[in-house]
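Observations on the three-dimensional arrangement
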Amino acid sequence: MELAVDYVNNQSEILKGAELCLHLQEAQTSLEGSSAAVDLLANEEVVALIEAQASKTEPLLSDLGEAANVPILSLSVTSPAHCNQRFPYFVRMAHTDSFQMKAVAALVNNYGWRSIAFLHSDNHFDSGSMPSLRDALRDLDSEIAYTSIIPSTAQKQTIREELHKLKSIESRVYVVHTPFDLGMNLIMEAQEMGMMESGYVWIITQGFTSLWDYALSVSTMSSMQGLLGIKTHIPDSKKLNDFTQRWEQQFRLDNPNTKNIELNAYGLLAYDTVLMIAQAIGKMERNSSLSFMTPSTSLEIIANTKIKVFQQGKKLLQEIFSTNFDGLSGPVKFHDGEMVGCGYEVVNVVGKSYQIVGYWPFNSSKLFKTPSFSDEGLRSMIWPGGSVTVPRGWAIPTRLKIAVPRKSGWEEFVCVSLDPSNKTIVSGFSIDVFRAVVSIVEPQLQFDFIPYPEISINADDYSYEELVNQVYLKNYDGVVGDVTITASRSESVDFTQPYTETGLVMVSPTVIKEEADNAWTFLQPFNPTLWATTMVFLIYTGLVVWLLEHKMNPDFRGSPLYQVVTIFWYHIDPCFLASFFYFFIFIFNLEYNLNYFQFF
């Protein structure tokens, strides 16, 4: 920030001859920070307050800024809950967690992990990020299976208790969103408890990765092999390289006995923040000068305190949100009150340092191997335990409780019985299939079959719907048995692929053997009404034929009796032949299993 002030004051065209003055106040506690802010606002002509580190007094500072018309610019507050909509004079220079959590969700989705455990501290900044992560994972068909809230001042025993809880759940993908010191203690305890071995996945967020360049020793980095991290992407530029050289020279002059440390994203963002404020003031001074007013009454939020009110504070705030320039940390511009940057890097701890394995552009569900976002995916990496195989992200930590339906009937699928020693015996086709699948997929899986309902309860009082609901309520880990897949059940639980199918069947009446052997069976459909209808149509058809043939065909002439016989014989002859044919089939008992409806 001092280098930024020197640059602004040396460039007269920025402030048009005016000078920018930087007042630095170091506070060890939140109370000291609030007191320092009040002191500055009361005794200096303050145009902006820059908060380097988030604290519990952030809402109070935001209220102070609103009362004094002074923008409060934060370099580290990332919680979406603390935003410009709630606090009008609050300006977030860091990227909100809603962006960072989308990057975490994209990383989880890249490897097909469907559930994670989320570890965060108990301060309101870290806890406010959980809804953002939950929503981002839900959009990609994943979920937070377990949430661990660790006190910011947690000691070794408390951390170990939380880690023991993590080992008892199924998910092996852990996302750590804590302050640096707490996160470091958590990782070191996990290392001692064997949770940095093959099969585990640890993902750490920006609050941790942005500080490990100078806060971690070589030995500490070596114990963190395989960690994945989300880190702000700083695009390379000539401006950045020139500034880095200037900063290193100045740092060596000011700290001759300190080892060289690398400038991180917070330092670059601090420089850009000072430059942004100066440019916004410069735009304002073209039209009006800056002025302050001391109110006659004290502030309601601070008793017996009179602070100077910045008259052009609202205009300065508008100029800040309209900022658009290329800074050291990347593009500095706002959209809907939030900073828009270049995205995040995915880093992997390897050896004594870390390597960049991928990039995430803002509001994307995918990761890319290059900063140009042209090659989708991630580079190869090392996982905890030195493994190069992608962990599957889950494990079976305890014995599974498998419910089996206890019922009467259909015992070929599931049968629950008691042996002479009153020990429960579970058998059946469904049980055999389950055991066979387990022996192939997960031979080390431990499970217990538990009858539902219990032996002492009447099984007829319970339904399969209640059994399925017990799995949804997590009273059982699964069900093995002849449970039909229905739409309503599929909404609450997952089913395996069916291993038995009925297929398509046709149900027909059973033909009695005596009737099947009767040669006249084919006449059974002909009731008196059908016979009468048939005769009426025969006579009608005969009359129509006679009317058409009588004048031209001599066979249809003669005495009235001859003509009547001709009309009937015209129909009886083919019917007689057909009937004789069917009669022949039944007489000689040909074994055609034909339904009698098919003969007509």
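Read on for an overview of the structure. Predicted model, so just to flag it, every value in this text is computed and none were measured.

With that settled, consider the packing of aromatic side chains. Using the criterion set out here, one finds 21 aromatic pairs in the structure. Aromatic pair Trp-113 and Trp-383: ring centres 5.9 Å apart, planes at 80°, arrangement edge-to-face. Linking Trp-113 in the loop between α5 (97–110) and β4 (115–121) with Trp-383 in the loop between β15 (353–360) and β16 (400–405), this pair joins segments that are 270 residues apart in sequence. Of the two residues, Trp-113 and Trp-383, both sit in the buried class. Considering the side-chain rings of Tyr-174 and Tyr-200, the 6.1 Å spacing of their centres and the 45° angle between planes classify their relative orientation as tilted. With Tyr-174 in strand β6 (residues 173–177) and Tyr-200 in the loop between α9 (180–192) and β7 (201–204), the pair connects residues that are 26 residues apart, well separated along the chain. As far as the burial class goes, Tyr-174 and Tyr-200 line up, both buried. Among the aromatic residues, ring-to-ring pairing joins Phe-99, Tyr-344, Trp-360 and Phe-362 into one connected group.

Turning our attention to the pattern of salt bridges. Inspection of the entire model under this criterion finds twelve salt bridges. Note that Glu-192 and Arg-160 form a salt bridge whose closest N and O atoms lie 3.5 Å from each other. Within this pair, whereas Glu-192 is found in helix α9, its partner Arg-160 is found in helix α8 (residues 156–167), the two being separated by 32 residues in sequence. Given the relative accessible area of 24%, Arg-160 is considered partly exposed. Linking Glu-465 and Arg-489 is a salt bridge whose minimum nitrogen-to-oxygen distance equals 3.0 Å. Here Arg-489 lies in helix α18 (residues 487–490) and Glu-465 lies in helix α17 (residues 464–472), a separation of 24 residues in the sequence.

Once that is clear, we can look at the sheet that holds strand β20 (residues 478–479). Read from one edge to the other, the open sheet built from three strands follows the order β19-β16-β20, with strand pairing classed as parallel. If you trace the sheet from one side to the other, it starts and ends with β19 (447–452) and β20, each paired once. Sheet topology places β16 next to β19; six bridges connect them, and they run parallel. Across the sheet, the residue bridging to Ala-403 is Ile-450, located in β19. The sheet strands contacting helix α16 (residues 429–441) are β16 and β19, and the helix crosses β19 at an angle near 160°.

Here we take up the sheet that holds strand β12 (residues 330–335). The three strands lie next to each other as β11-β12-β13, forming an open sheet whose pairing is antiparallel. Here the strands that pair on one side only, and so sit at the sheet edges, are β11 (324–327) and β13 (338–339).

The periodicity of an α-helix, 3.6 residues per turn, causes residues three or four places apart in sequence to face the same way. Across its 13 residues, α16 extends 19 Å between first and last C-alpha, which sits within 8% of the 18 Å expected from 1.5 Å per residue. Taken as a whole, α16 has its buried residues at Ser-430, Ile-431, Phe-434 and Val-438. One face of α16 carries all of its buried residues, which in axial projection span an arc of 100°. Buried positions along α16 lie against β16, β18 (424–427) and β19.

Analysis parameters
Residues numbered from 1 in each chain as written. Predicted model: local features only at pLDDT ≥ 70, side-chain atom pairs only at ≥ 80, totals over all residues. Heavy atoms only, no water. Phe/Tyr/Trp six-rings, centres within 6.5 Å; stacked < 30°, edge-to-face > 60°. Helix = DSSP H or I, 4+ residues; strand = E, 2+ residues; numbered from the N terminus. Buried < 20%, exposed > 50% of the residue type's maximum accessible area, 1.4 Å probe, protein only. Salt bridge = Lys/Arg side-chain N within 4 Å of Asp/Glu carboxyl O. Pairing = 2+ DSSP bridges. Contact = heavy atoms within 4.5 Å. Axes fitted to C-alpha atoms, helices over the stretch in contact; angles between N-to-C directions. Expected span 1.5 Å × (residues − 1). Arc of directions from axis to C-beta.

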